[in-house]
Amino acid sequence: MTSAGHIPIHSEPEIIPRSDHPVSRANISKNALKVLYRLKESGYQGHLVGGSVRDLLLGREPKDFDVATDAHPEDVRRLFRNCRLIGRRFRLAHVMFGREIIEVATFRGRQEPGDSNGAHHVDEDGRIVRDNVYGSIEDDALRRDFTVNALYYNIDDFSIIDYAGGMRDIEAGVLRLLGDPETRYREDPVRMLRAVRFATKLGFRIEPETEQSISTLAPLLGDIPPARLFDEMLKLFMSGSALDNFEMLRHYDLFRQLFPLTDESLTHQENEFPLTLINRGMANTDERVAAGKPVTPAFLFAVFLWEPVRYRAARLESEGQTPAQALQHAGSQIIAEQAAVMATPRRFSLPMREIWMLQLRLERKGGRRSQRVLDHPRFRAAYDFLLLRGAAGEVSQELCDWWTEYQDKHPQKREQEITKTRPRKRRRRRPRRRANAGDDQV
Ligand code: ATP
Ligand code: MG
């Protein structure tokens, strides 16, 4: 590759011809190619952009394929029958091919400091709250977050267009924010979480200036809507790098912004149990993801919030509540306090409570009671959770082993239970009303 040195704002891009880069159409989704070719045939620009170009350059399989174009969303809708326009803050076209969605975005205009035409709106913290002005491909490139996310694969000649020195950073394994880091973090504090997520996912190091202001600006995440934080949390902890992300988030004081109660319990801990429980929980989650097994946010939340819940429950018990009451109330309180930071849908908070409540029943063993616990739909998750507590030293290994053996001895009964209830359920339910079974499985 030619190296043209650092390219600041308003300059010619570096164009890397097809012969000088490894991105091949063979690795691009057929549907994305269809969209790109249709745009081109209709006289528009069509580029693959963002994570897909970055991942293809690194020899990784992209999660999804995003397209950037000079066609406006309404133009895109005219070109594709299977197209929906979405978004308010960012108006986008989604072109649907069965389960695959190709996101098509019109080039955005760049944000100028002191912009007074009202098209971009920045609040008192410098945060962008409205951003719907179209611009050139250069504008579009420069408003992206990291240099490695600002590369365009041009369907016209299969070259890569680089306005920001992204190719050089890909080669060096460096994650660098475009522009002045503090300004860019103020515009959108979620970029701090993205820095961590990409650094761990790609094994990149964060460039010093990009890194420098994170700890200071971390509190700005307090203004991010709880639902968006929840989405980011899922990306951080459900994509196979949960342990690395947990550690790096703590390192930059970002974890506290996501789970303040947990962070506090880790700072004030008297022993290593809580940290070990989380570390083990994250490592297990990563192993499950690597093995293609399902993971659920309910389990992750149960792990993160356990120490705050346990601590609160102990206090309530000392005030006279029974263990079950105390755990129930502590669970409700901690869930409510966490919800102020991060929105957690009920389909996750309910199973999370069940995982906690089942711990009390798992701590006792023997007799008919054990069979009932075994038959509980959340048994498997609660048992996995018990094993984590065992590994952290919070309950005895003997108790964990007892449940492991008990299950081995009783598999038949469980099978029978399941087959017994199935036909009845079928008769009662209408087939097309099937619940979303995959939602909260562990
Ligand atoms: P992933 O593999 O996680 O999908 P990605 O880079 O594709 O990584 P997306 O969240 O899908 O990440 O975003 C697509 C692209 O949009 C990014 O590569 C980046 O260019 C741009 N982008 C996304 N979020 C931001 C942001 N908060 N600020 C600036 N640019 C952003
Ligand atoms: Mg993406």
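Residues numbered from 1 in each chain as written. Chains lettered and ligands numbered in written order. Predicted model: local features only at pLDDT ≥ 70, side-chain atom pairs only at ≥ 80, totals over all residues. Heavy atoms only, no water.

A. Seen up close, the overall build of the chain. Helix and strand counts for the chain stand at 21 helices and 12 strands. Burial status across the chain gives 48% buried among its 442 residues. (Helix = DSSP H or I, 4+ residues; strand = E, 2+ residues; numbered from the N terminus. Buried < 20%, exposed > 50% of the residue type's maximum accessible area, 1.4 Å probe, protein only.)

B. Summary view of the packing of aromatic side chains. Tallied over the entire structure, the rule returns 18 aromatic pairs. When the centroid spacing of 5.8 Å and the interplanar angle of 15° are considered together, the rings of F379 and Y383 count as stacked. Taken together, the residues F379 and Y383, both in helix α19 (residues 379-392) and four residues apart, mark about one turn of the helix. Of the aromatic side chains, those joined through ring pairs into one cluster are F230, F237, F246, F255, F259, F301, F304 and F348. In this structure, R25 packs its charged tip against the face of F158, placed 3.9 Å from the ring centre. Above the plane of the ring of F198 lies R197, whose end atom (NZ or CZ) is 4.8 Å from the centre. (Phe/Tyr/Trp six-rings, centres within 6.5 Å; stacked < 30°, edge-to-face > 60°. Lys NZ or Arg CZ within 6 Å of the ring centre and 35° of its normal.)

C. Structural context of empty space enclosed by the protein. All chains considered together, the criterion is met by one cavity of 30 Å³ or more. There is about 40 Å³ of room inside the largest cavity. The wall of the largest cavity is formed by F273, P274, L277, I278, V303, W306, E307, R310 and E394. The residue makeup of the lining of the largest cavity, split by class, is six nonpolar, no polar and three charged. (1 Å grid on protein atoms, 1.4 Å probe; cavity = no way out; pocket = protein on both sides within 12 Å on 5 of 7 lines; lining within 4 Å. Points joined across faces, edges and corners; volume = space filled by probe spheres on them. Nonpolar A, V, L, I, M, F, W, Y, C, P; charged D, E, K, R; others polar.)

D. Representation of a positive patch on the surface in the model. Together, R361, R364, R368, R369 and R372 make up a region of like positive charge exposed at the surface. Sorting elements by how many residues they give to the positive patch places helix α18 (residues 367-375) first, with three residues. By secondary structure assignment, the location of R364 is in the loop between α17 (346-362) and α18. Since its relative accessible area comes to 45%, R364 is described here as partly exposed. (Patch = residues over 30% accessible without salt bridge, like charges linked within 9 Å, V, L, I, M, F, W, Y side chains within 5 Å. Areas by Shrake-Rupley, 256 points an atom, 1.4 Å probe, with all protein chains shown as cover. Salt bridge = Lys/Arg side-chain N within 4 Å of Asp/Glu carboxyl O. Lys, Arg positive; Asp, Glu negative; His and termini not counted. Charge placed at Lys NZ, Arg CZ, Asp CG, Glu CD.)

E. Structural view of the site of ligand 1. Near ligand 1 there are 17 residues, and of these R54, D188, R191, R197 and K201 occur at the shortest range. R144 has a polar side-chain atom sitting 2.9 Å from an oxygen atom of ligand 1. One nitrogen or oxygen atom from the main chain of N149 is found 3.0 Å from an oxygen atom belonging to ligand 1. Across the complex, the protein chains shield 84% of the 590 Å² of accessible surface that ligand 1 would expose by itself. Of all the elements in the fold, those that place two or more residues in the shell around ligand 1 are α2 (51-57) and α7 (190-202). Per-element accounting of the shell around ligand 1 gives the leading share, five residues, to α7. (Near = heavy atom within 4 Å. Polar contact = N/O pair within 3.5 Å; in protein donor to acceptor, adjacent residues only side chain to side chain.)

F. Molecular detail of the side chain of D263. Locating D263 in the fold gives a position in helix α13 (residues 260-267). With a relative accessible area of 11%, D263 lands in the buried category. Contact partners of D263, with chain neighbours within four places excluded, come to R250, F255 and R256. (Contact = heavy atoms within 4.5 Å.)

G. Local environment of α18. Among the residues of α18, those classed as buried are S370, Q371, V373 and L374. An end-on view of α18 places all buried positions within 160° of arc, on one side of the element. (Arc of directions from axis to C-beta.)

H. How the structure looks around the pattern of salt bridges. Across all of its chains, the model carries 25 salt bridges by this definition. With a shortest N-O distance of 3.0 Å, R144 and D140 are connected by a salt bridge. For R186, the salt bridge goes to E182, with nearest N and O atoms at 3.1 Å. With R186 and E182 both in helix α6 (residues 181-187), this residue pair falls four residues apart, about one helical turn. Several salt bridges share partner residues, and in doing so they unite E307, R310, E363, R389 and E394 into one network.

I. Main features of the nonpolar core. Among the nonpolar cores identified, the biggest contains 97 residues, and L48, F237, L254 and F259 are the most heavily contacted of them. In terms of residues, this core owes the most to one element, helix α15 (residues 297-318), which gives 12 residues. When residues of this core are assigned to domains, at least three fall in each of domain 1 (14-172) and domain 2 (273-421). With near-sequence residues (within four places) excluded, L48 lies in contact with I28, A32, L36, V53, L56, F65, D66, V67, L151, Y152 and Y153. In this structure, L362, A382, C400 and W403 belong to the second largest nonpolar core, which totals 13 residues. (Core = buried A, V, L, I, M, F, W, Y, C linked by side-chain atoms within 4.5 Å. Domains from an automatic or database assignment.)

J. Fine view of the sheet that holds strand β9 (residues 151-154). One open sheet accounts for eight strands, arranged β1-β10-β9-β2-β3-β6-β5-β4; its pairing is mixed. Two strands in the sheet have a free side with no partner beyond their single neighbour: β1 (14-16) and β4 (83-86). Neighbour-to-neighbour, the strand axes of the sheet open up by a mean angle of 30°, direction not taken into account. In this structure, β1 lies alongside strand β10 (residues 160-162), joined through three bridges in antiparallel fashion. The residue bridging E14 from the neighbouring strand is D162, located in β10. (Pairing = 2+ DSSP bridges. Axes fitted to C-alpha atoms, helices over the stretch in contact; angles between N-to-C directions.)

K. Structural view of the packing of α7 against helix α11 (residues 242-251). Interhelical geometry of α7 versus α11 gives an angle of 135° and a closest axis separation of 9 Å. Overall, the two elements α7 and α11 adopt an arrangement that is oblique. In the crossing of α7 with α11, the sense of the turn from one axis to the other is right-handed. Between α7 and α11, the residues in contact are L193, V196, R197, A199 and T200 and D244, N245, M248 and L249, respectively. When its residues are assigned to classes, the contact of α7 with α11 shows five nonpolar, two polar and two charged. (Parallel < 35°, antiparallel > 145°, perpendicular 65-115°, else oblique. Left-handed = near helix turned anticlockwise from the far one by under 90°.)

L. Geometry of the side chain of D140. Mapped onto the elements, D140 comes out in helix α4 (residues 137-142). The contacts of D140, once residues within four sequence positions are left out, are A68, T106, F107, R108 and Y152.

On their own, these measurements won't tell you what the molecule is for.
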